Every structure is written in C-alpha cells, then in structure tokens.
Amino acid sequence: MLVREKVNQAKALLREFDIDCWITFVRETEINGDPTLAYIAPTQLTWHSALIVAKSGGTRAIVGRFDVRAVEDLGAWDEVVGFVTGIREPLTEALSKLDPRTIAVNYSEGSEICDGITHGMFLTLRRYLEEIGMADRIVSAERVISALRERKTEGEIAAMREAIRHTQEIFGLAATFIRPGRTEKEIAAFMQAEVERRGISFGWERSHCPSVFTGPGGAEAHYGPTDTRVERGHILNMDFGVKVGGYVSDMQRTFYVLAPGETAAPPEVQRGFDTIVASVEQAKRAMRPGVEGREVDAVARGVITGAGYEEYPHALGHQVGRYAHDGTALLGPMWEKYADKPLKKLEPGMVFTIEPRLPVPGRGICTIEEMVVVTPGGCEWLSEPQKRLVLIG
C-alpha cells in the first residue's frame, strides 16, 4: 500500500537528515487538511491529531477516539492512540518519553507543499512543547516533506505510468476526431467523455482539462477551450492529463492541420516542431542526479534561442505527483518568481515535465510536454515522446 511505502520512506529520511522526530499536527482535516496527509494518513481526522515519526523507526498516531479505527486500517502506524478529553496529555507524554533533540514541524516560507500547519495549530503545539521544555527544538520539516513528495516509490511510479498510458491513448483518439470546423470546446468535450467512459479522473480542473489552442492569437496556456474553430494551415496544441490511483499525468501534444493541396507541414512549421523536439531531447540528456534544475533549463533554452526563436516565458519543467505541479525542485531560470527552486539538485525518483514552446507566426504555438523520471544513472522517459508532427488532413 502506498501509505506504508511513504511512512517507511519518512523513517529513512529522518535518518538521512539527522532529524529525531517529525510531527504532522492537524484538526478538522476535511476543512483544513495538511497537503502531506495524502501520503501518510489519507483519511478524515476530526479532533486535534498528531502523526509522529521517529528517527529510531517508531511511529505513533494520536487521534480522536472515533478516528482510531480509520487510522489503524491504513496499516502504516505502529501504534494508534485514541483520546477523549484532549490531546495535550498523550502528546506531551509521548514526546517526553521520546525526548527528541529536533522536532520537525510542517512549516515553510518558500514551499507551499511544506507549509501545511495552520498558525493556530503551530501556536498550540508550541505551547505544549513549552510545558515540557522542548519549544526550542522545533525545526522546519521542509527537507523531509520535499523529499517524501519528490522521491517517488515504485508504487507511485506505477500509478503515474498508468495515468500516462490513458493520456497517450486519449490523445491518439483525439487525433482522429480533430478536423477543420470543429471547435476547441467540441474537441475538449470528446476527450472529457473518454475520460469519464474509462472511469478515471481529470488531472486538474475539468474546465481546462484539456486545454485546446488552435491557430495564432490564443491564450497559449492555462485557459479553457473556446468556440474558436479549427482552420487549415494552423497549428493546434493541447495540454491534458488524468489521475489514476491518486497520481496524475501532465502532457502536451502538437498537431498541424493541412491546408488545401498540402501533404506535409510547411517548412516554418516543421522547423519549429523539430526545434522543440531537439530542445526536449537535449534537456533529457542533461538530467541526472546532482544537476541543478537551472542547468537543465539553460540547455533547452539555448537550443530554442540558438535556432533564432525567442525564449519561452516560463520554466522548462516542473515536478508531477499527486498534482500536476508538485514538488519544490524546478527546471527553470533564476527568476524572482521561482525563488530558489531552480537551485535544487535533481535526485533519483523525481518526476518532471519537459515543456519548451515557441511561436510560429501566423500558424500558432509549437510545444511538447513529456514526462521523465530521474534515475541513479541519468533520466528515463515515462511518456512515449512525440518525435513526429501529427498531421490532420
């Protein structure tokens, strides 16, 4: 079970980072859930709850009495303690017995995925720790949470491969549906119906999953399909993903709609597409453990600008996991909005997109988004890369 995999992984991470204890402290999680719960306790917790992992290897969940059975059923926690009147006594007793030098708590100034504890819950926890003389032992759990999300287990990779398989198949079906005169909304509805027929979920909000962009002058990204009709001589691209087993895919594909008399894409369209393919492939070759994300972005960006195109106005790629944008490391430039994410080094198990883009004047946007996983020796494809421009007759 994935929860057991991740809890066991958390134990190893505490030893790696030399942190004695990690606490996820929550309440009413249906309203105010910590993002990390999806990995270690994907169930509703009502009263104050503390999920404690120790570097020594022991794990304890202290939860409200009526939540005990649901947490026990996860099969991931060594001991599940229920309380009735309040959590202070069982929590301080457990920590006093453990006597950790460092207590990692889920807060972060730089990462949204590691900042799960609310301010009120932080104050409550600190007050409890003050009572037993441990308030000065609090540290950020950012390193633990980042690694827990970023280093995918075999079970997580298997779920993502399945999501990618569905995505690629639906892209293939869409290629048979696209034709001149169809609208972006009609193409999206066709793909959405296929997702529903398969009994799987959308990778992100349904209103723009997929996003469909045909011809020049469109929104280009992060926008829902419109009533714009497919025209001959235009490029069409789509951004699409699905969720399977709690994990998502995130991919883009580019098509060209042949103009009357054409049997191949015009030179400027083909050149743009080929440049994107080269950019993706060079970036993948540059990916290996220890490389910083900004270095990979620079390789891909150099291919684009070296061919005479303007640089793409975004990062080359982001991590993918339970969400389409998931993880703190980024394949991107050192721009203010990305903070220090491009400085983080790649590690085995990290899953990234690679998604450069470039405009072809009067035709539209050429872009491909592939998914890869960092391995101990380099990097492997998770998606089957698009190397040929799909032509629509």
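All of the points below concern the structure found in this document. (Residues numbered from 1 in each chain as written. Predicted model: local features only at pLDDT ≥ 70, side-chain atom pairs only at ≥ 80, totals over all residues. Heavy atoms only, no water.)

### Observations concerning the overall build of the chain
Here comes step 1: Secondary structure summary: the chain contains 11 helices and 20 strands in total.
Here comes step 2: Taken over C-alpha atoms, the radius of gyration comes to 24 Å for the chain, in line with the 21 Å a tight globule of 393 residues would show.
Here comes step 3: Taken along the three principal axes of its C-alpha coordinates, the chain extends 80 × 40 × 30 Å.
Here comes step 4: Buried residues in the chain amount to 56% of all 393 residues.
Here comes step 5: Sequence-distant contacts, at least 24 apart, represent 66% of the contacts inside the chain between residues at least 6 apart. (Helix = DSSP H or I, 4+ residues; strand = E, 2+ residues; numbered from the N terminus. Rg over C-alpha atoms; globule rule 2.2 N^0.38 Å. Buried < 20%, exposed > 50% of the residue type's maximum accessible area, 1.4 Å probe, protein only. Contact = heavy atoms within 4.5 Å.)

### Some words on the pattern of salt bridges
Here comes step 1: Evaluated as defined, the whole model comprises 26 salt bridges.
Here comes step 2: In this structure, Glu169 and Arg165 form a salt bridge, with 2.9 Å as the shortest nitrogen-oxygen distance. A residue pair is termed a helical-turn pair when its members lie 3 or 4 positions apart in one helix, as Glu169 and Arg165 do in helix H8 (residues 154–177) at four residues.
Here comes step 3: Judged by its relative accessible area of 33%, Glu169 is partly exposed.
Here comes step 4: Its salt-bridge partner being Glu194, residue Arg197 comes within 2.7 Å of it at the nearest N-O pair. On the criterion of helical spacing, the pair formed by Arg197 and Glu194 is a turn pair, its members being three residues apart in helix H9 (residues 184–198).
Here comes step 5: One network of salt bridges, in which partners are shared, links Glu162, Arg165, Glu169, Glu194, Arg197 and Arg198. (Salt bridge = Lys/Arg side-chain N within 4 Å of Asp/Glu carboxyl O.)

### Observations concerning the environment of Pro266
Here comes step 1: Residue position: Pro266 is located in the loop between strand S12 (251–257) and helix H10 (267–286).
Here comes step 2: You can call Pro266 buried: its relative accessible area is 9%.
Here comes step 3: For the pair Pro266 and Gly233, spaced 33 residues apart in the sequence, the C-alpha separation amounts to 8.7 Å.

### Comments concerning the pairing of strand S19 (residues 378–381)
Here comes step 1: The pairing of strand S18 (residues 370–375) with S19 spans four bridges and is antiparallel. From the neighbouring strand, Thr375 faces S19, where its bridge partner is Gly378.
Here comes step 2: If you look at the hairpin formed by S18 and S19, you'll find two residues sitting between the two strands. (Pairing = 2+ DSSP bridges.)

### Re the sheet that holds strand S20 (residues 390–392)
Here comes step 1: Strand order in the open sheet made by the four strands is S8-S9-S12-S20, with mixed pairing throughout. Each of the sheet's edge strands pairs with one partner strand only, and the pair in question is strand S8 (211–214) and S20. Taken over all neighbouring pairs, the strand axes of this sheet differ in orientation by 25 degrees on average, direction set aside.
Here comes step 2: The pairing of strand S9 (residues 235–240) with S12 spans six bridges and is antiparallel. If you follow Ile235 over to S12, its bridge partner there is Tyr256.
Here comes step 3: Sitting on the sheet, H8 is in contact with S9, S12 and S20, with an inclination near 15 degrees to S12. (Axes fitted to C-alpha atoms, helices over the stretch in contact; angles between N-to-C directions.)

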